[in-house]
Amino acid sequence: MKNILLITLSILLTGKGLHAQKSLQERLGFPADTKLLIIHADDLGVTHTVNKATFNALEEGSVNSASIMVPTPWFPEVAQYAKANPDHDLGIHLTLTSEWKLLRYGPVASRSKVPSLVDANGYFYSDCNELWENAKIEEVEIELRAQIDKAIAMGINPTHLDSHMGCLFATDPRYYKLYTKLGREYGIPTMVNHQIKQLGGEGAPEPMAVINQIFGAAPQDFDNDTMSTYYADTLKALEPGVHVMIIHCAYDDLESQGMSFEHPYWGAKWRQNDYDFFTSEECAKILEEENIKLITWKEIGESMRE
């Protein structure tokens, strides 16, 4: 009887070890050499035109994931959409900055509870450097929890967390540790690749999953009018693994132009370019020809909970 118990325990432990050694592709039910991709649209909530373009890209294009900025003015429209479309892959774009010149927003938490996160006018700082120079990490945690809690309270079931402008990917490891801690506590995957994971240093909470690469067009691609070329070339060169392509959708209309006034990058034209490519037949054809499988953060989260 003792021998049978030992053999059974050995089988269970071996099986557990094999399960832990599986690649993320295998955890998701694919062979280890599969090319998996999430096409991920940022900034839902910032304007109506961003919302409408992103909703259309999710329904008619190759975009299959998006993330929501809870502090922004058009967040209620996103919450309504999320409740009407519960199967869509929508996460929280944790936001600590307000980068546009004339479109400004501030914290979800009471300003009296997070005074180090706002400027003299009560808005978030314009960039990550200003945030890092002024913010107290305990107030960062108050605000991030407030954003997640508000999204959930308004009927959103977040499939993942990520970081607006990368402000949680600081050289100060406390930001990364807080980011992964919140993901673990709420049971929501955080967008972390192998490079980002190194920011946590010793003692950082393990993220629920680690993807391979995070891609996105750069200012030089926009300046050279080669954004579509960048996207096509990146898709064609994609290697086996689990990857994310970050894009930004909107229509190049008056609202979008007003948002990006005197802001050369990630503005109206950039977002129209992203929308056009990722709703195009060219994009769909490349995905098919390169045998790239689209997956979602929801699937990753479910595989981690099994």
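Preceding this paragraph is the structure being described.
Note that the structure is predicted; figures quoted are calculated from it, not measured. (Residues numbered from 1 in each chain as written. Predicted model: local features only at pLDDT ≥ 70, side-chain atom pairs only at ≥ 80, totals over all residues. Heavy atoms only, no water.)

Colleague: How would you sum up the pairing of strand S6 (residues 241-247)? Please name residues and give values.
Modeller: For S6, the tally of buried residues reaches seven of seven residues, placing the bulk of the element in the interior. Alternating positions in S6 separate into two faces, Gly241, His243, Met245 and Ile247 on one and Val242, Val244 and Ile246 on the other, with burial throughout. Of the strand pairs in this sheet, strand S5 (residues 213-215) and S6 are connected by three bridges, and their pairing is parallel. Note that in S6 the partner of Gln213 across the bridge is His243. (Buried < 20%, exposed > 50% of the residue type's maximum accessible area, 1.4 Å probe, protein only. Helix = DSSP H or I, 4+ residues; strand = E, 2+ residues; numbered from the N terminus. Pairing = 2+ DSSP bridges.)

Colleague: Describe in detail the layout of surface pockets, supporting the description with residues and values.
Modeller: Size it by volume and the largest pocket reaches roughly 560 Å³. Every residue lining the largest pocket is counted, 27 residues in all, and those nearest its centre are Asp42, Met165, Ile246, His248 and Trp266. Each residue belonging to the lining of the largest pocket can be placed in one class, and the counts come to 13 nonpolar, eight polar and six charged. (1 Å grid on protein atoms, 1.4 Å probe; cavity = no way out; pocket = protein on both sides within 12 Å on 5 of 7 lines; lining within 4 Å. Points joined across faces, edges and corners; volume = space filled by probe spheres on them. Nonpolar A, V, L, I, M, F, W, Y, C, P; charged D, E, K, R; others polar.)

Colleague: Any details on the nonpolar core? Residues and values, ideally.
Modeller: Formed by 88 residues in total, the largest nonpolar core has its most connected members in Val140, Tyr231, Ile247 and Phe278. Apart from residues no more than four positions distant in its own chain, Ile247 is found in contact with Ile39, His40, Ala41, Asp42, Val63, Tyr231, Asp274 and Phe278. (Core = buried A, V, L, I, M, F, W, Y, C linked by side-chain atoms within 4.5 Å. Contact = heavy atoms within 4.5 Å.)

Colleague: If you had to explain the side chain of Ser98 to someone new, which residues and values would you point to?
Modeller: With respect to the secondary-structure elements, Ser98 resides in the loop between strand S3 (90-94) and helix H5 (128-134). Ignoring any residue separated from it by four or fewer positions in sequence, one finds Ser98 in contact with Leu103, Arg104, Tyr105, Phe124, Tyr125 and Ser126.

Colleague: Go over unusual backbone geometry with me, naming the residues and quoting the values.
Modeller: Even without being a glycine, Met165 presents a positive backbone phi close to 60°. Here Met165 shows up in the loop between strand S4 (161-163) and helix H7 (173-186). With a phi angle near 60°, Trp266 is a residue other than glycine that sits in the positive phi range. Tracing the chain through its elements places Trp266 in the loop between helix H11 (254-259) and helix H12 (268-278). The exposure class of Trp266 is partly exposed, given its relative accessible area of 31%.

Colleague: Which residues make up helix H6 (residues 137-153), and what values go with them?
Modeller: Given a rise of 1.5 Å per residue, 17 residues ought to cover 24 Å, and the 24 Å separating the end C-alpha atoms of H6 matches this to within 8%. Regarding H6, the residues found buried are Ile137, Glu139, Val140, Glu143, Leu144, Arg145, Ala146, Gln147, Ile148 and Ala151. In this structure, the buried residues of H6 make contact with helix H4 (75-84), S3, S4 and H7. Among the residues trailing H6, Gly155 stands out with phi positive, at a value near 95°. (Expected span 1.5 Å × (residues − 1).)

Colleague: An account of the pattern of salt bridges is needed here, citing residue identities and associated values.
Modeller: In the structure shown here, the tally under the stated rule is 10 salt bridges. Connected through salt bridges with shared partners, the residues Glu141, Arg145, Lys181 and Glu185 form a single ionic network. (Salt bridge = Lys/Arg side-chain N within 4 Å of Asp/Glu carboxyl O.)

Colleague: I'd like a rundown of the packing of helix H10 (residues 227-236) against helix H13 (residues 281-289), residues and numbers included.
Modeller: Running from amino to carboxyl end, H10 crosses H13 at an angle of 15°, the nearest separation of the two axes being 9 Å. When the axis of H10 is compared with that of H13, the two are roughly parallel. In the crossing of H10 with H13, the sense of the turn from one axis to the other is right-handed. Counted together, Ala232, Leu235 and Lys236 of H10 and Glu282, Cys283, Ile286 and Leu287 of H13 form the full contact between these two elements. For the contact of H10 with H13, the per-class residue count stands at five nonpolar, no polar and two charged. (Axes fitted to C-alpha atoms, helices over the stretch in contact; angles between N-to-C directions. Parallel < 35°, antiparallel > 145°, perpendicular 65-115°, else oblique. Left-handed = near helix turned anticlockwise from the far one by under 90°.)

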